[in-house]
Amino acid sequence: MSAVRRLRLLLPAFLLAVTACTQSPAPSRGGAHDDKPAYGDALVEGTIGDASTLIPLLASDSSSHAVAGLVYNGLVKYDKDLKIVGDLAESFDIASDGLTITFHLRKGVKWHDGAPFTSRDVLYTYRVTIDPKTPTAYAEDFKQVKSIAAPDDHTVRVTYGAPFAPALASWGNAILPAHLLEGKDITKSTLARAPVGTGPYRFKEWVAGQKIVLESNHDYFEGRPWIDRYIYRIIPDTSTMYMELKAGAVDMMGLTPVQYARQTTGIRFTSLFNKYRYPSSSYVYMGYNLRHPLFRDKRIRQALTAAIDKDELIHGVLFGMGQKAVGPIAPGRWAYNPHVKDIAYDPKHAAELLAQAGWKEKNSDGILMKNGKPFSFTILTNQGNQQRLLTSQIIQQRLRYVGIDVKIRVVEWATFLKEFVDKGNFEVVMLGWSTSPDPDMFDVWHSSKTNPGELNFVGFKNAGVDRLLVEGRSTFDIEKRKKAYFRIQEIMADEQPYTFLYVPDALPVVSSRIRGVKPAPIGIGYNQIKWYVPKAEQVY
Amino acid sequence: MIHYLFKRLLMLIPLMVGITLITFTVVHLAPGEPVEMQMAMNPKVGKEARERLRKFYGLDRPLQEQYFTWVGRLARLDLGRSFSTDNRPVRDKITERLPITLSLNIIALVLEFGLAVPIGILAATHRDTLLDKGITVFVFVGFAVPTFWLALLLMYLFGVKLNWLPISGLHTLGSDSYGSIRYIGDMARHLCMPILVASFGSLAGLSRYMRSSMLNVIGQDYITTARAKGLSERVVIYKHALRNALLPLITQAGLAIPGLIGGSVIFETIYAIPGMGQLFYQAVMSRDYPVVMGIVIIGALLTLIGNLVADICYAVADPRIREGRGVQ
């Protein structure tokens, strides 16, 4: 597992998300004559971690959510362009005051065991989520609900105390089967190991630590998936997984940048596999402890950003598989402000800013001095993430050029959180955030979230940003929200509470026998039920 | 004898109590909590959700109360439920992984000894020849080569280039439909590389042990006597010398027994084998207290039993221990 733990900013179920694909797949082999969609075959996906529980309400790891994503549906989902559309809800209306959302549920949807899906399931899912006895991470958004009612079997009406924009996305959480869970202790339910959902694939088998097998749901409301079986193989080591891919025992996996750039380029590989590349929904940043006297001065933070060559990081760490991050919102999203100017790499400008802040003299080692103290700090990062370590090392060298002495300390994840981040006991951290399609980032930047254990651990306090964050989440009007988030990005670019470093690319590879993969802003997984293998090429 | 046995058994009780106390303390001394690991860095998690989870796991209780709850369950042979999101009984988690680790380790152990003994004998009987030196180089290379590196090279050679062996895992997909012979054959093919890699590293130590022990025995007077009797070299070495030379190795084998339930994280990860090593490592990293404590306790218990059996064997052999007089 914990080899690489990604920090999560939203439901990991939406992780395959994000913007424009930059490379189209190689043309498929064999010409068009026998390319007709056919039922059958299996898709084997390699995953580094086993799922923990297949009741998504209780899961907090991305492997569990990936599997559960094929078994369950929410009321709504993100479509390929990252817009929220109905899923189990055929449609939904938001009242003009933004307080009431009415979901019109699909009729005729059946659970995998044959029972009909109704509004009762939605009510149950809501109730069990907010039940204080349920150990879940997803109660917060549902707690904003003032009342919920089901006028009939196929309508659910939710009322909020105040307009709350992230509310709609929270109804993308998996709806659970009331007829199997109601009145039972969800933490001891057998559904955790053998889920029953409404999704395109039904659960067949789970061999712990080895594989999870799903079978296509012939009665799926969007149509029967072409591929009959979806198999997750658990292979904790990415080098092993890559070899399994080459040997044909894995059909789909995420490549590392070095694998993408160097090891998968030959014609033998590209004739057997299609590689895809699009920005992942995450960014890596260097966060400054703003309570620390050294980093209180904005000019210092700007100088540090100017002293770091982001292109060099992308080239050196990601083999070019990424793009520069400017602010907390990824390029290509509707809330992204394209007019914000990044602080360019310019060591001279950095030196000037530092001089303005009083760091002028250098000691015999070439380190900047002020009041007899050298400019020195430690970058703290978590163990098991090679990219962050390499990034820190390149930055260490760059900052040395402008006369700053940087040390690097790598700490095991649990200790890192408990002893350093939660207690504000750090100077600079090297971390990453996963981003959700919704731009709400109240929890990371609002000044009320600076207590120990909360996510604004750098201690960023800005009255303007506070106001804009509240404004941005309390209306459904996209134009108003855009205005708020555009302004936030301008302030962030000036304040530099983090140095936003880069957005790595997601680099999935899929066997070329699988057709119908069409990359979109959200990634490749959105139309999985339409993927197929032509009859002649089926292997399983 | 019965009296001695009874005394030894009684002594196990305070030992076990001490072990539970130390295990519990050490595990809880590690910074971080299971709740942190599941919920940290997730903006959807409020303070209240963390408290909810802490309460669910009983982490809001005073430490001593947590300890007594755990020991109380343990006394009834209940290891409790895992603190990961699956919340499964620890016993299930261990029993689904123990068989594979145990069988892998036993096969590897047999292979190690099966190879180390002849290698050691060969090296001893051809002392200082080119063969001896060659063997020395070979086993030390095995000792020095990093497991993960060797594993990857072998995978590439046998799995990708030659396509002789499966690369990782335990079964081919679809092996459920095979007949039982084919199913076992399939599994055996999957285990070839992991067992080879697991045994290779240990060859050095054991074969050197065997060599020096053999050399020691060969130098004894009774071997000279045997040779003087005109016995063939074969009989001298394999009948007279070998038996005595094996004794230290048997001690080694005894010491290896508690290690049988432990797995190696590195090769389990590389070969995608869901064994005890991975389970333990993941439990430690996610601060899954019941799983960590469960595995440690089972290991400790096995060690205690191993020691007890060894002591009883000594006692059978040596009346001084049996009668509690001790060696002055």
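You'll find the structure just up there.
The residue numbering used here restarts from 1 in each chain and proceeds along that chain's sequence as written. The naming scheme follows written order: chains are lettered A onward, ligands numbered 1 onward. Owing to the predicted nature of the model, reporting of local features is limited to residues with pLDDT of at least 70; listing and counting of side-chain atom pairs is limited to 80 or more, with chain, interface and lining totals taken over all residues. The side-chain numbers reported here are obtained from all heavy atoms of the structure, hydrogens and water having been left aside.

Caption draft 1: Representation of the environment of G46 of chain A. Residues and elements named next belong to chain A. In this structure, G46 sits in strand 1 (residues 40–47). Distance from G46 to T238, taken between C-alpha atoms, is 9.0 Å for residues 192 residues apart in sequence. Throughout, a residue-residue contact means that at least one pair of heavy atoms, one from each residue, lies within 4.5 Å. Discounting residues that sit within four places of it in the chain, G46 has contacts with R233, M241, V250, M252 and M253. Strands here are runs of E lasting at least two residues and helices are runs of H or I lasting at least four, both read from the DSSP assignment and numbered beginning at the N terminus.

Caption draft 2: Representation of the sheet that holds strand 4 (residues 89–94) of chain A in the model. All names here are of chain A. Here 4 strands make up an open sheet; going across it, the order is 4-5-7-6 and the pairing antiparallel. Each edge of the sheet is formed by a strand with only one pairing partner; in this case those strands are strand 4 and strand 6 (145–152). The mean angle between the axes of side-by-side strands here comes to 15°, regardless of whether they run parallel or antiparallel. When DSSP finds two or more bridges between a pair of strands, those strands are recorded as paired. Of the pairings in the sheet, the one linking strand 6 to strand 7 (residues 155–160) comprises 5 bridges and is antiparallel in character. Paired with I148 across the bridge in strand 7 is V158. The convention used is that axes are lines fitted to C-alpha atoms, helices contributing only their stretch in contact, and that angles between N-to-C directions extend from 0 to 180 degrees. Of the strands in this sheet, strand 5 (100–105), strand 6 and strand 7 are in contact with helix 2 (residues 119–130), which crosses strand 6 at around 160°.

Caption draft 3: Region of the structure containing the interface of chain A and chain B. Taken together, the contact pairs 69 residues of chain A with 48 residues of chain B. Roughly 4,800 Å² of surface becomes buried between chain A and chain B when both sides are summed, with 58% attributable to carbon and sulfur atoms. The rule for a salt bridge is simple: a side-chain nitrogen of Lys or Arg has to be within 4 Å of a carboxyl oxygen of Asp or Glu. At the boundary of chain A and chain B, one finds 1 salt bridge. When the shortest N-O distance is used, the salt bridge between E412 of chain A and R287 of chain B registers 2.9 Å. Polar contact criterion, stated in full: a pair of N or O atoms within 3.5 Å, where within protein one must be able to donate a hydrogen and the other to accept it, and residues adjacent in sequence count only if both atoms are side-chain atoms. Put simply, chain A and chain B have 10 residue pairs in polar contact (both at pLDDT 80 or more) between them. Mapped by element, the contributors of at least two residues to the side of chain A that touches chain B are helix 2, strand 10 (227–234), helix 5 (238–246), helix 13 (413–421) and strand 21 (428–434) of chain A. For the side of chain A that touches chain B, the leading source of residues is helix 13 of chain A, giving 7 residues. Residue classes follow a fixed rule: Ala, Val, Leu, Ile, Met, Phe, Trp, Tyr, Cys and Pro count as nonpolar, while Asp, Glu, Lys and Arg count as charged, and any other residue, Gly among them, counts as polar. Residue classes in the side of chain A that touches chain B are distributed as 31 nonpolar, 16 polar and 22 charged. When two parts are put together, the accessible area they lose, computed with a 1.4 Å probe and summed over both, is reported as buried area.

Caption draft 4: Region of interest: the pattern of salt bridges. All names here are of chain A. A full pass over the atoms with the stated rule returns 35 salt bridges over all chains. The salt bridge involving E205 is made with K211; its shortest N-O contact spans 3.9 Å. Since its relative accessible area comes to 24%, E205 is described here as partly exposed. In this structure K211 comes out as buried when scored by relative accessible area, which is 12%. One salt-bridge network, in which partners are shared between bridges, spans D35, R515 and E537. Exposed residues in this analysis have more than 50% of their type's maximum accessible area, buried residues have under 20%, and partly exposed residues fall in between, with area computed by a 1.4 Å probe over protein chains only.

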